[in-house]
Amino acid sequence: ACTQGEGGNQEEKRVLRIATMYGDSYNSEYLRTQYTDLFQFNNRNIDIEFVYAVDYSSQRYRIYDPEKPFEEPDPVEEMKKLLEGANPPDLVMVSYEELAPLIEDNLLMPLDPFIAEDEFDIEGFVPTVIDSLKALGNNQLYALAPTFTSEALIYNKGLFAELGVTPPTDNMTWNEIFDLARLISRGEGEDQIFGFSFTNYPYSDLFYDMRTYMAPLGLRIYDEQGETMLVDSDQWEAVWKTMLQLHSEKVTPTREYFEQIMMKQRGKGYNPLMENLFLSGKVAMTLINYRQLDEIIHVNNNKDLIEGFNGIDWDVVTFPVHPEAPDMGGNISIYPIFAINAKAQNSEDAWEFIKFINGKDWAEFKAGSITDMLSRQEYIKPRDGLNYNIGAFYQLKPAPNPYNSRIYMEKPNIYEVERIGREKFEQVLNGDKEVREALKEWNTEGNMILQQIKENPNGPLEIFEKEAGGVTEAVPIP
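Small disclaimer: the values here were computed from a predicted structure and weren't measured.

**Observations regarding the pairing of strand β7 (residues 283-289)**
Of all the seven residues making up β7, six are buried; the element is thus mostly covered by neighbouring parts of the structure. With three bridges connecting them, strand β6 (residues 194-197) and β7 associate as parallel partners. Among the inter-strand pairings, F196 is bridged to a residue of β7, identified as M285.

Here it is as structure tokens:
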């Protein structure tokens, strides 16, 4: 950078360096178009330079050597080196999970002094966005984000009206949604209608889908350190029984439906709606990310081009909640998040950029073109002049993610624990085991795996199987 700290003469040419976790020159054009061009247009004396903690170019052109296996770099650790190295960047552009370790290591400047000095308005932000960012900084703001996306429950208004069932409303519990789904579910074979699905894709994998259901309850497979299993509990048993009941009652799409009906329909030729159970009218309610509204709206706008399709009359309500956490909904993705390096050479311009991209002018300009929701609440409007419950996407707090993504990087073999759980769940689903029996086995076998990982995080794993004669032997995991 050409200036230190205060930014220097406003007419002097200056450089603002922005660091991202991943990238190279190929994606810098996208970053400039999306986030920096407007700022540069208004600040002709500032040049933007992107730097990358993990530069894809260095990997793209490396020579493969079987004798020296390539070790994937840890992007967070690489970012830390970048922030503290020579010629450090002024700004960082990260995701929510990537932000936390940078704050913990005191690598970022608090923004509260900047906000107070300029009387920058943060009251107009969606509370969930601001509260989530403050939560990482012990109630201090170390970053701001101009956009976010989240989840809600979309439902087929026409189907509810046709069947004479009262549609869902905001703040309903999971059990209330499941009860509604039971009222809607009906039919067999190709005429089958499912009341609810965790996704709008043909087959819902209940083992992985139940994470969405469990997140607000704080249930974990193992402890935070990934050393001790936690699944042999009454709460886990209740969750599994709830999922299994939905399956047995055919409230949610089953594997059998996919294998027998969907494959049969595929054999009849291509149908643009067949892979989307909500759009094809096979599911009355499903969870949806805000970005997925694009497809719903686009298909409805082109309904005249799709044979036999009259469009879907739809609306959204808030994500289902648990009575134990009535204000907590689904996932929220806050991105991009911008923060100032504690060692920024040009902190004043860095703040001016954050202030600009999180300001009203930027939000107003982007309101009609951006695919995510704007963090400034007054600029969140339904798309294409439609009238739907847009507030459903930001009324609730996000459910906490019980799994730190870093644990998968530090202990890549920990996925084996989840594979065992899925296997046990399948055994219960097929009627080969009782729920608590399967959970106890998962707990025991999972602890064996976690102990091996603790002793050798990246080494080969073994499971222990009992033979008919009662002899226990170690069996390598393929």
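Okay, back to it.
**Regarding the layout of surface pockets**
Within this model, the largest pocket holds a volume of roughly 1500 Å³. Along its surface, the largest pocket is lined by 50 residues, and Y96, E97, P400, N401 and Y403 are the ones closest to its centre. Looking at the lining of the largest pocket, the elements that each hand over two or more residues are α3 (75-84), α4 (96-104), α6 (127-136), β5 (147-156), α9 (206-214), β9 (332-334) and α15 (405-410).

**Focus: the pairing of strand β8 (residues 314-317)**
Where burial is concerned, the two faces of β8 agree: the one with W314 and V316 and the one with D315 and V317 are both buried. Where β5 lies against β8, four bridges are found, and the strand directions are antiparallel. Bridge pairing in β8 links L153 to V317.

**Some words on the packing of aromatic side chains**
Taken as a whole and judged by the stated rule, the model has 24 aromatic pairs. Between the aromatic rings of Y155 and F160, the centroid separation amounts to 5.9 Å while the plane-to-plane angle is 90°, which identifies the pairing as edge-to-face. Exposure remark for Y155: the relative accessible area of 8% places this residue in the buried category. Residue F160 is classed as buried on the basis of its relative accessible area of 1%. Geometrically, the ring pair formed by Y408 and Y415 is stacked, given 4.7 Å between the ring centres and 25° between the ring planes. Under the relative-accessibility criterion, Y408 is labelled buried at 15%. Clustering of aromatic rings is evident, with ring pairs tying together W174, F178, F196, F198, Y213 and F319. The ring of F41 has R44 lying over it, and the distance from NZ or CZ to the ring centre is 4.3 Å.

**Focus: unusual backbone geometry**
For the bond from Y335 to P336, the omega torsion is -5°, close enough to zero to count as cis. For P336, the location among the structural elements is in the loop between β9 and β10 (337-340). With a phi close to 65°, N171 is a non-glycine residue in the positive phi region. Relative to the helices and strands, N171 resides in the loop between α7 (157-163) and α8 (174-184).

Definitions and limits used
Residues numbered from 1 in each chain as written. Predicted model: local features only at pLDDT ≥ 70, side-chain atom pairs only at ≥ 80, totals over all residues. Heavy atoms only, no water. Buried < 20%, exposed > 50% of the residue type's maximum accessible area, 1.4 Å probe, protein only. Helix = DSSP H or I, 4+ residues; strand = E, 2+ residues; numbered from the N terminus. Pairing = 2+ DSSP bridges. 1 Å grid on protein atoms, 1.4 Å probe; cavity = no way out; pocket = protein on both sides within 12 Å on 5 of 7 lines; lining within 4 Å. Points joined across faces, edges and corners; volume = space filled by probe spheres on them. Phe/Tyr/Trp six-rings, centres within 6.5 Å; stacked < 30°, edge-to-face > 60°. Lys NZ or Arg CZ within 6 Å of the ring centre and 35° of its normal.

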